[in-house]
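Coordinate inspection notes
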Amino acid sequence: MRLVHGMMIPFALVLAVILIAGLAPSNQAAAYAPYSIKLGSPILDVAVNPATNTIYVSHVNSISVINGSSYSLAATIPLDATNDAVGLAVDAPANRLYAAAQDSNQVYVIDTLANRVVEKIPARGWPVGVAVNPETNLVYVANSASGRSESYDFPVEDDLVSVINGTTYRVVADIDVGSRFLSEEGITRDTQGIGVSAPTTISVNPGTNMVYVGGGMSGDIVAVDAYANKVAARIPIEGSHLGSDINLDTNTVYFSNNGRGAIDVIDGSSNTLYYSIERKENGRPFSFPEDVAVNPKTNKLYVADLDSVSIIDPDSRKVIKTIDIGGYKDVAVNPETNLAFVTVRDSSSLVIIDGNTNEMILDPGSYAYEIAAGIGVVSIAVAIFFIKKHKRKSDRA
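1. Section: the confidence of the model for the chain
- With 74% of its residues at a pLDDT of 70 or more, the chain has an overall mean of 79.
- Put simply, helix α2 (residues 27–30) is where the chain has its lowest mean pLDDT, 29, and strand β22 (residues 291–295) is where it has its highest, 98.
- Here residues 1–33 scores under 50 on pLDDT; set against residues more than four positions off or in separate chains, the count is 40 contacts.
- For the stretch residues 180–193, pLDDT sits under 50, and the model shows 18 contacts to residues farther than four places along the chain or on other chains.

2. Focus: the packing of aromatic side chains
- Taken as a whole, this structure holds two aromatic pairs when the rule is applied.
- Ring geometry for Phe 288 against Tyr 328: centres 6.1 Å apart, planes inclined by 90 degrees, an arrangement best described as edge-to-face. With Phe 288 in the loop between β21 (272–277) and β22 and Tyr 328 in the loop between β25 (318–324) and β26 (329–334), this pair connects stretches of sequence that are 40 residues apart.
- Taking the relative accessible area as the measure of exposure, Tyr 328 reaches 39% and is therefore partly exposed.

3. Comments concerning the sheet that holds strand β24 (residues 308–313)
- Strand order in the open sheet made by the four strands is β22-β23-β24-β25, with antiparallel pairing throughout. The sheet terminates laterally at β22 and β25, the two strands that pair on one side only. For this sheet, the mean angle separating the axes of adjacent strands, direction not counted, is 20 degrees.
- Pairing of β22 with strand β23 (residues 300–304) involves five bridges; the strand directions are antiparallel. Residue Val 294 lies in a different strand from β23, and its bridge partner there is Leu 301.

4. A closer look at the pattern of salt bridges
- If you walk through the whole model with that rule in mind, you get 11 salt bridges.
- Arg 124 is the salt-bridge partner of Asp 174, the closest N and O atoms lying 2.9 Å from each other. Here Asp 174, found in strand β13 (residues 171–176), pairs with Arg 124, found in the loop between β9 (116–122) and β10 (127–133); they are 50 residues apart in sequence, far enough to count as distant.
- Under the relative-accessibility criterion, Asp 174 is labelled partly exposed at 33%.
- Note on Arg 124: relative accessible area 28%, which makes it partly exposed.
- Across the pair Glu 290 and Arg 345 runs a salt bridge whose closest N-O atoms are separated by 2.8 Å. With Glu 290 in the loop between β21 and β22 and Arg 345 in the loop between β27 (339–344) and β28 (349–354), this pair connects stretches of sequence that are 55 residues apart.
- Given the relative accessible area of 9%, Glu 290 is considered buried.

About the criteria used
Residues numbered from 1 in each chain as written. Predicted model: local features only at pLDDT ≥ 70, side-chain atom pairs only at ≥ 80, totals over all residues. Heavy atoms only, no water. pLDDT = per-residue confidence, 0-100. Helix = DSSP H or I, 4+ residues; strand = E, 2+ residues; numbered from the N terminus. Contact = heavy atoms within 4.5 Å. Phe/Tyr/Trp six-rings, centres within 6.5 Å; stacked < 30°, edge-to-face > 60°. Buried < 20%, exposed > 50% of the residue type's maximum accessible area, 1.4 Å probe, protein only. Pairing = 2+ DSSP bridges. Axes fitted to C-alpha atoms, helices over the stretch in contact; angles between N-to-C directions. Salt bridge = Lys/Arg side-chain N within 4 Å of Asp/Glu carboxyl O.

Encoded structure:
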């Protein structure tokens, strides 16, 4: 549209007003309204592919694929109707997503380029945790139904971590992290708190090729030598563990210990318990820490507790902030965007935490507001420029 000289000033002013007033947050955003993506059905785990800025959220019978730039639902991947895809792991170089489905006793292999299931791998018994070593192209599955075969209509082995070849999608090894490992030491299985009972959570360090496993029915953590597929160390800890993550830069492993309300920090160099974090902000104890995720770039730790999410600085061992979010949760981090994603099962929603401000992003989107505000400032500057230019011409006239 071509504007005559006399119309330029009001146009610039109107543009500035529209961009500031029209794109600024509404009153709803100013209130307590966390930016959450409502996904409509019960949600379980969450995983992030930093390379593509994609978030994956598992449901009872599907997986939601969310665009990390627009927060929009990009695709829905259907699973078997009776499945619970409780564990997710991304293999970014191979463009694969692995989903552990406990009810059907299998692991889904998903092509993340086509967003479709390409393989179903039989598991050893109620698989829950899954982790990937992209350097060796091996997948590790924690089978949690150990020693409880009488409760299921499929064979269940004792405390096994299965190793899957990421090319052939076949189980190439089983690592016993419980009874057989203990029997080699002459310790009976009846001894409580020793070894991993019901393996639940698993993390891999590709640099050291070590696999760390925690159990939902015992507190011990084991470090597995993935070269030999054998337990290399047992780390005795009271409680039980449901979530874990590893900072590859510091070789530190974090486990959420829901049994005694703490975060257990493992030194990956010595495979020993370094320390435990037992308090949230203002000295409040953890109630039921279910999951944990670390951002290796900022070295911030995100702990999903039953009633909150705590952000922790592992260096100082201090809680930076505790955000009240109720309900059972899982958490994952995108280090490239410095955002944490929290699945809240009670509300079937995905909450986003900005790692720069340690705050939930507010609806309808603080980023959109910042962009609008920036455009508004530019528009005002343009308006002022034309006003001054017009005034100088008028003075000369």
